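Structural characterization, general
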Amino acid sequence: MKLHINDTFNKELPADKNKNNYPRQVMDACFSYVTPTVPAQPKLLHVSTEMAALLGLSETDIASQTFLDVFTGAKTMEGTQAYAMCYGGHQFGNWAGQLGDGRAINLAEVLHNKQRWALQLKGAGHTPYSRSADGLAVLRSSIREHLCSEAMFHLGVPTTRSLALSLSGNDVLRDVMYNGNAAYEKGAIVCRVAPSFIRFGNFQIFASRNDSSNLKKLSDYTIKHFFPSIKSTGKESYIAFFNAVVNQTLAMIIHWQRVGFVHGVMNTDNMSILGLTIDYGPYGWLENYDKDWTPNTTDGQQRRYRFGNQPMVGLWNLYQLANALYLLVGEAAPFEAALERYKQEYETAKTTMMRAKLGLALEEEKDVDLIIALEKTLALIETDMTLFFRLLANTHKTDEAQAVLSKLKAAFYEPTTLTGDVLAQWTTWLQTYLSRLQKEILVAEERKNQMNQVNPKYVLRNYMAQLAIDAADKGDYSLIENLYQLLKQPYAEQVDQEKWFAKRPEWARHKVGCSMLSCSS
Ligand code: AMP
Ligand code: MG
């Protein structure tokens, strides 16, 4: 196995001088050197061969002992120095101080085909940032992270990737629902990959300590490597940088809203500076369209991170990043302007995204009302978001509302409740949609093709991941591979996989892991 190692983060930025691995506050440094814990009995469970290819790794490399050793932390690669990053963050709206890579260890950066990739193990043991926790991860959450990272990539959503999923052979104690029922679970390690794992929180920690010198070093480093189109220097470059982060964050969140992804823990330490979806924890997929839904039971009361609130939380998080970068600029106006722009561009981007989902190629001002009315209509009775949009593509201009409704029938969780006032409101919306379609020039088949490129047929429904987890707990890993293959082509018909093009089964409605998730992972 030969990787083109090209480290920059741990070469160009200040390191923690203390090389001992015990929990502490780390000052004046971007990271601490740390060696992964050697796993008891590592076993490779699944590899993303696409991701491996992007790193220049072949099937033979994947099958090698070195691959297993390196991507489970058993051995370190020659010439590399693994490290954990120092960052802080706002958790659920409150400043939490230093957090850092408590159970993530960066192995190295690879440069392949001019693309930079940082390799990071999640669950490979404690670091100076582990606080009182163990630095480990369990199989269930690792399966969820591995499958969802790759599924999101194939959906076209900016995301960190996952190269490999392995068992560590160690047992890990977890209290899944935080109710005093702790139990041992199988430990696992995921090797995540991204151009960089820098988060909003990496900048915030320095600002919170009034450490403008390190804040500047980190900002200059980030601009140099990841925002090369910024040619300005000094204050101007930080403002340009912030504007770029605003754009990338907004683009990512619009994609989430398009596919029905709910992150679940949008704390600022879980916000990638590159606008990548990062830290797959208690995330979930919207099934019945409910803007107030959150998969995260820890957030069940406040619902801060509910589906419909994600765009505004993105803005709130950017506000915190602005507060940090302000230290380098000393002027609020340019940041305020960028945040104001987010609000406006969000409205436009959302309308554009929803038009595409509805198959509307022309832009009519009144589309905004049609979209607002749709969101209300979808919530009248339980309507499956993924099925609805996919089935809506079968609409013909010449259809009556009634005919479209029967085409949509499979999307309703309880079709028998589609009566009376609910039926009347659905009929009204469909009539408006049908009359709007009359203005479109595309023939039905072309419109359908276009809609099917933005409305996925297959997403990693919460119960699907749980089925893979339940089987894996019994030693059967085949469903992980099946789902991985299915989700590589989320927009394709895949007629032999229709069983996954279905509503959430009733048994999954209130099951832990399907509709109820916690941060325990
Ligand atoms: P998360 O909610 O997963 O984004 O984690 C928030 C913070 O807690 C981060 O600093 C993590 O590194 C840390 N953390 C979460 N789980 C563990 C664990 N099992 N061991 C050590 N640190 C952890
Ligand atoms: Mg995190």
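About the criteria used
Residues numbered from 1 in each chain as written. Chains lettered and ligands numbered in written order. Predicted model: local features only at pLDDT ≥ 70, side-chain atom pairs only at ≥ 80, totals over all residues. Heavy atoms only, no water. Helix = DSSP H or I, 4+ residues; strand = E, 2+ residues; numbered from the N terminus. Expected span 1.5 Å × (residues − 1). Buried < 20%, exposed > 50% of the residue type's maximum accessible area, 1.4 Å probe, protein only. Contact = heavy atoms within 4.5 Å. Core = buried A, V, L, I, M, F, W, Y, C linked by side-chain atoms within 4.5 Å. Near = heavy atom within 4 Å. Polar contact = N/O pair within 3.5 Å; in protein donor to acceptor, adjacent residues only side chain to side chain. Areas by Shrake-Rupley, 256 points an atom, 1.4 Å probe, with all protein chains shown as cover. Nonpolar A, V, L, I, M, F, W, Y, C, P; charged D, E, K, R; others polar. Salt bridge = Lys/Arg side-chain N within 4 Å of Asp/Glu carboxyl O. Pairing = 2+ DSSP bridges. Axes fitted to C-alpha atoms, helices over the stretch in contact; angles between N-to-C directions. Parallel < 35°, antiparallel > 145°, perpendicular 65-115°, else oblique. Left-handed = near helix turned anticlockwise from the far one by under 90°.

**Some points on helix α16 (residues 462-473)**
Taking 1.5 Å per residue as the helical rise, α16 with its 12 residues ought to reach 16 Å, and the 17 Å between its terminal C-alpha atoms agrees with that figure. The buried count for α16 comes to 9 of 12 residues, which makes it a mostly enclosed element. When we look at burial in α16, the residues that qualify are Asn-462, Tyr-463, Met-464, Ala-465, Gln-466, Ala-468, Ile-469, Ala-471 and Ala-472. Contacts made by the buried residues of α16 are with α5 (139-155), β10 (183-194), β12 (284-285) and α17 (478-486). At the exit of α16 stands Gly-475, carrying a positive phi of roughly 90°.

**A few points about the nonpolar core**
The biggest cluster of nonpolar side chains holds 163 residues, and the ones touching the most others in it are Leu-163 and Trp-426. Dropping the residues within four chain positions of it, Leu-163 is found in contact with His-46, Val-47, Ser-48, Met-51, Ala-52, Leu-55, Phe-67, Phe-71, His-146, Cys-191 and Val-193.

**Concerning the site of ligand 1**
Residues in close proximity to ligand 1 total 17 residues, the closest being Gly-100, Gly-102, Arg-131, Gly-135 and Asn-270. The separation between a nitrogen atom of ligand 1 and a polar side-chain atom of Asp-134 is 3.0 Å. Bound to the protein, ligand 1 loses 83% of the 480 Å² it would expose on its own. Within the shell around ligand 1, the residues separate by chemical class into 4 nonpolar, 6 polar and 7 charged.

**As for the pattern of salt bridges**
Within this structure, the stated rule accounts for 33 salt bridges. A salt bridge links Lys-291 to Glu-375, with the nearest nitrogen and oxygen atoms 3.3 Å apart. In this pair, Lys-291 sits in the loop between β12 and α9 (310-329) while Glu-375 sits in helix α11 (residues 367-378), placing the two residues 84 residues apart along the sequence. Its relative accessible area of 33% is what places Lys-291 among the partly exposed residues. Three or more residues joined by partner-sharing salt bridges are found here, namely Glu-287, Glu-382, Asp-384, Arg-461, Arg-504, Glu-506 and Arg-509.

**Some thoughts on the pairing of β10**
The side chains of a regular strand alternate, residue by residue, between the two faces of the sheet. For β10, the buried fraction is high: 9 of the 12 residues fall into the buried class. One ladder, built from 5 bridges, connects strand β7 (residues 115-122) with β10; its direction is antiparallel. Among the inter-strand pairings, Ala-118 is bridged to a residue of β10, identified as Ala-194. Sheet topology note: the strand β8 (residues 137-138)/β10 ladder contains 2 bridges and is antiparallel. Bridge assignment links Val-138 to a residue of β10, and that residue is Gly-187. Here strand β9 (residues 161-174) pairs with β10 via 10 bridges, running antiparallel. Residue Leu-173 lies in a different strand from β10, and its bridge partner there is Tyr-184.

**Quick word on the side chain of Asn-296**
Note that Asn-296 resides in the loop between β12 and α9. Residue classification places Asn-296 among the buried positions, given a relative accessible area of 1%. Looking at Asn-296, its side chain comes within polar contact range of the main-chain oxygen of Gly-264, at 3.0 Å. A polar contact of 2.9 Å, which involves the side chain of Asn-296, links it to the backbone nitrogen of Thr-298. When neighbours within four sequence positions are excluded, Asn-296 is seen to be in contact with Phe-92, Gly-264, Val-265, Pro-282, Leu-517, Ser-518 and Cys-519.

**Remarks on the packing of α5 against α16**
Running from amino to carboxyl end, α5 crosses α16 at an angle of 135°, the nearest separation of the two axes being 10 Å. On the basis of the axis angle, α5 is oblique to α16. Remark: the crossing between α5 and α16 carries right-handed chirality. Of α16, the residues touching α5 (which contributes Leu-139, Arg-140, Ile-143, Arg-144 and Leu-147) are Ala-465, Ala-468, Ile-469, Ala-472 and Asp-473. Looking at the contact of α5 with α16, its residues break down into 7 nonpolar, no polar and 3 charged.

All we've got here are geometric facts, nothing functional implied.
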